[in-house]
Amino acid sequence: MMKIAIIGTGYVGLPTGVGLAELGNRVVCVDKLTDKIDKLNRGELTLYEDGLEELFQKNVAAGALSFTTDMESAVKDADVVMLAVGTPPHPLTKEADLKYIYAAAEELARYLQGYTVVATKSTVPVGSGDEIEKIIRKVNPKADFDVVSLPEFLREGFAIYDFFNPDRIVIGAESNKAREVMLNLYQPFVGKSEILCVKRRSSETIKYASNAFLAMKIHYINEMADFCECADADIKEVAKGMGLDSRIGKKFLNSGPGYGGSCFPKDTNAMAQMGRKFGAHLTLIETTIAQNDARKSMIGRRVIELVKERPEGKIAVLGLAFKGGTDDCRESPAIDIVKEMIKHSRNIMVYDPKATENAKTILNNTVQYAESVDEACRDAEVAVILTEWEDFKHLDLKRLKKIMRCARIVDMRNMLSLDEVQQLGFDYQCVGKKIK
Ligand code: UDX
């Protein structure tokens, strides 16, 4: 059993805290936001993640997991303090903004007692570990501590599953003592997952290099989809054929409207920025960022072109979240595509099964909000599918045909059956296959 303090109770801190408590540790989660901590102390979760509720309740009841706004009480007894605060992109430079993490390091430094490992879970630029170490040493020159990098690879919607079934655990430590503490903490994963001990700067790089690679893989398959449309090939068949090569792998080969979310856009931009800073120009990543952005505008213009005969006609948008299974609209391609369409159309009605409230904070009153697929599609010139919600796989197409003004669908997630839409006489477009 180890004593762990986790600073930050967001999408990374909370699932990690719950997971570590379930593994038998005593975990205290710290946050500055009193409302959030009060809510958690009342036994209410502050975010939705599959499987989180049950483990949260169980470990709180067992006394293994608690919440506080008091950094001192959490840090002074801890064997490991994990930093899991946000590193949002700076609005101008797009570099990761480290003010929250540096402030947390400064504060926790005052309360360190006995040997403590300070582990950075937040995604931070290469070299941040050195900076955090300097800050702690300056505030508390007598402190006995090491700073390690412990990158996080959890996916939203699968955070609990990913916590217990990681492909790998990466530990970036500069001392044997710190490495031993971390290996002890992750002992339950020995024999199940690969545990990789590397230099701190390598560990910081692994996180960015992995996310940038996945973003590039998505950009690559999207570019291949464009090629297939021109060359009369079918991207689904092509992706399947590519994925069967184990060196390429089947995952992350779904073409669509481009990648989004709170990680890929932020991390690719930060990585490109680091490349510029270190004088190592990352051309593939720079191209990926530019083309992923261009793709969203291109899709918006493609839809507008379809309704050009009736520019005042209604456009129905199905899906606003950045991917299915979440209400998160941060950097959602769907939102950017809607924004492009707003430049040319005043008559857009949007629907999402979970993300409407979050979308409203971004799109405000520039569009109308529907409460059902039917409401969005009634009298529409075109329905545009932008998020891969399971519900959209089972649309009642016969009904849609009746209620739409024009039987036309643009399916940017390749969700519908071509046979079915064609039999019903829809004018249908998808990704990576030219429909004749
Ligand atoms: C990602 C990483 O997967 C995770 O390891 C990291 O810790 C955080 O960032 P997440 O942002 O939750 O996780 O989403 P993910 O499922 O990876 O999807 C990211 C974006 O890529 C979404 O917009 C998704 O729709 C898109 N995507 C993904 C595709 O367009 N095609 C694919 O084949 C896969």
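In what follows, the structure referred to is the one given above.
Because the structure is a prediction, the values reported are computed rather than measured.

Undergrad: Would you mind going over the layout of surface pockets with me for this structure?
TA: In this approach, a probe sized like a water molecule rolls over the atoms, and the result shows the empty space that is left. In this structure, the second largest pocket occupies an estimated 250 Å³ of space. Contributing to the lining of the second largest pocket are 13 residues, with Phe-213, Met-216, Lys-217, His-219 and Tyr-220 lying nearest its centre. Elements that contribute at least two residues to the lining of the second largest pocket include exactly helix H9 (200-231) and helix H12 (283-306). Among the elements that take part in the lining of the second largest pocket, H9 stands out by supplying 6 residues, more than any other. Here the lining of the second largest pocket is built from residues that sort into 7 nonpolar, 3 polar and 3 charged.

Undergrad: How should I be thinking about the sheet that holds strand S12 (residues 380-385) in this particular structure?
TA: Consider a sheet: its strands pair through backbone hydrogen bonds, and that pairing is either parallel or antiparallel. Ordered by their spatial adjacency, 6 strands build an open sheet running S11-S10-S9-S12-S13-S14, and the pairing between neighbours is parallel. Two strands close off the open sheet at either side, each with one partner strand: strand S11 (368-369) and strand S14 (427-429). Bridging between strand S13 (residues 408-411) and S14 involves 3 bridges; their strand directions are parallel. Bridged to Arg-408 within S14 is Asp-427. Across the sheet, helix H13 (residues 333-342) lies against strand S9 (314-318) and strand S10 (348-351), angled at about 170° from S10, the strand it touches most.

Undergrad: Looking at this model, I keep getting lost on the packing of aromatic side chains. Mind explaining?
TA: Aromatic ring pairs are reported here in terms of the distance separating the ring centres and the angle at which the planes meet. All told, the structure shown has 7 aromatic pairs when counted by the stated rule. On the basis of an interplanar angle of 80° and a centroid distance of 5.0 Å, the ring pair of Phe-163 and Phe-164 is categorised as edge-to-face. For Phe-163, a relative accessible area of 7% gives the class buried. A residue is classified by how much of its surface remains accessible, and Phe-164, at 18% relative accessible area, is buried. Through a chain of ring-to-ring contacts, three or more aromatic side chains come together here, namely Phe-163, Phe-164, Tyr-186 and Phe-189. Over the face of the ring belonging to Phe-158 we find Arg-155, whose NZ or CZ atom lies 4.3 Å from the ring centre. Positioned over the ring face of Tyr-369 is Lys-360, at 5.3 Å from the centre of the ring.

Undergrad: Can you walk me through the environment of Lys-177 in this structure?
TA: As for its placement among the helices and strands, Lys-177 is situated in helix H8 (residues 176-185). For the pair formed by Lys-177 and Val-117, sequence separation is 60 residues and the distance between their alpha carbons is 9.1 Å. With near-sequence residues (within four places) excluded, Lys-177 lies in contact with Tyr-115 and Asp-144.

Undergrad: I would appreciate a short explanation of the pattern of salt bridges in the present structure.
TA: Should their charged atoms come close, side chains of opposite charge can pair. This model, assessed by the stated rule, comprises 34 salt bridges. Residues Glu-22 and Lys-58 are paired through a salt bridge, measuring 2.8 Å at the closest nitrogen-oxygen approach. In this pair, Glu-22 sits in helix H1 (residues 13-22) while Lys-58 sits in helix H3 (residues 52-61), placing the two residues 36 residues apart along the sequence. A relative accessible area of 27% means that Glu-22 is categorised as partly exposed. Close ionic contact of Arg-302 with Glu-229 constitutes a salt bridge, the shortest N to O distance being 3.8 Å. Placement of the pair is Arg-302 in helix H12 and Glu-229 in helix H9, with a sequence separation of 73 residues. Classification of Glu-229 by relative accessible area gives buried; the value is 18%. Because the salt bridges share partners, they merge into one network encompassing Asp-130, Glu-133, Arg-137, Arg-200 and Arg-201.

Undergrad: I keep staring at the environment of Gly-17 and nothing clicks. Help me out?
TA: With respect to the helices and strands, Gly-17 occurs in helix H1. For the pair formed by Gly-17 and Glu-286, sequence separation is 269 residues and the distance between their alpha carbons is 35 Å. Those residues in contact with Gly-17 that lie beyond four places of it in its chain are Ile-6, Val-27, Cys-29 and Leu-65.

Undergrad: It is not clear to me how empty space enclosed by the protein should be interpreted in this structure. Could you clarify?
TA: With the rule as written, the count across this model stands at 2 cavities of 30 Å³ or more. For the largest cavity, the calculated volume is near 60 Å³. Thr-120, Lys-121, Ser-122, Thr-123, Val-124, Ser-149, Pro-151, Glu-152, Ser-203, Glu-204 and Lys-207 together form the lining of the largest cavity. Top contributing element to the lining of the largest cavity by residue count: H9, with 3 residues. When grouped by side-chain class, the residues that make up the lining of the largest cavity number 2 nonpolar, 5 polar and 4 charged.

Undergrad: Whenever I open this one, unusual backbone geometry confuses me. Can you help?
TA: Apart from glycine, the bulk of residues carry a negative phi angle, and the bulk of peptide bonds sit in the trans form. With phi around 65°, Asp-379 is a residue other than glycine that occupies positive phi space. Here Asn-414, not a glycine, exhibits a phi torsion of approximately 45°, which is positive. Relative to the helices and strands, Asn-414 is located in the loop between S13 and helix H18 (418-423). On the basis of relative accessible area, Asn-414 is assigned to the buried category, the value being 14%.

Undergrad: Quick question: what am I supposed to make of the site of the ligand here?
TA: Taken together, 18 residues form the shell around the ligand, and within it Leu-154, Glu-156, Asn-254, Gly-260 and Phe-322 come nearest. Leu-154 places a polar main-chain atom, nitrogen or oxygen, 2.9 Å from an oxygen atom of the ligand. One of the side-chain N or O atoms of Arg-413 is found 3.0 Å from an oxygen atom in the ligand. For the ligand, whose accessible area on its own is 670 Å², the fraction buried by protein is 91%. In terms of residue count, the dominant contributor to the shell around the ligand is H9 (3 residues). Here the residues of the shell around the ligand are counted per class, giving 9 nonpolar, 3 polar and 6 charged.

Undergrad: Explanation requested: the state of the cysteines in the structure shown.
TA: Evaluated as defined, the whole model comprises 0 disulfides. This cysteine, Cys-430, is not joined by any disulfide, and Cys-228 carries the nearest cysteine sulfur, 11 Å off.

Rules behind the numbers
Residues numbered from 1 in each chain as written. Predicted model: local features only at pLDDT ≥ 70, side-chain atom pairs only at ≥ 80, totals over all residues. Heavy atoms only, no water. 1 Å grid on protein atoms, 1.4 Å probe; cavity = no way out; pocket = protein on both sides within 12 Å on 5 of 7 lines; lining within 4 Å. Points joined across faces, edges and corners; volume = space filled by probe spheres on them. Helix = DSSP H or I, 4+ residues; strand = E, 2+ residues; numbered from the N terminus. Nonpolar A, V, L, I, M, F, W, Y, C, P; charged D, E, K, R; others polar. Pairing = 2+ DSSP bridges. Contact = heavy atoms within 4.5 Å. Axes fitted to C-alpha atoms, helices over the stretch in contact; angles between N-to-C directions. Phe/Tyr/Trp six-rings, centres within 6.5 Å; stacked < 30°, edge-to-face > 60°. Buried < 20%, exposed > 50% of the residue type's maximum accessible area, 1.4 Å probe, protein only. Lys NZ or Arg CZ within 6 Å of the ring centre and 35° of its normal. Salt bridge = Lys/Arg side-chain N within 4 Å of Asp/Glu carboxyl O. Near = heavy atom within 4 Å. Polar contact = N/O pair within 3.5 Å; in protein donor to acceptor, adjacent residues only side chain to side chain. Areas by Shrake-Rupley, 256 points an atom, 1.4 Å probe, with all protein chains shown as cover. Disulfide = S-S within 2.5 Å.

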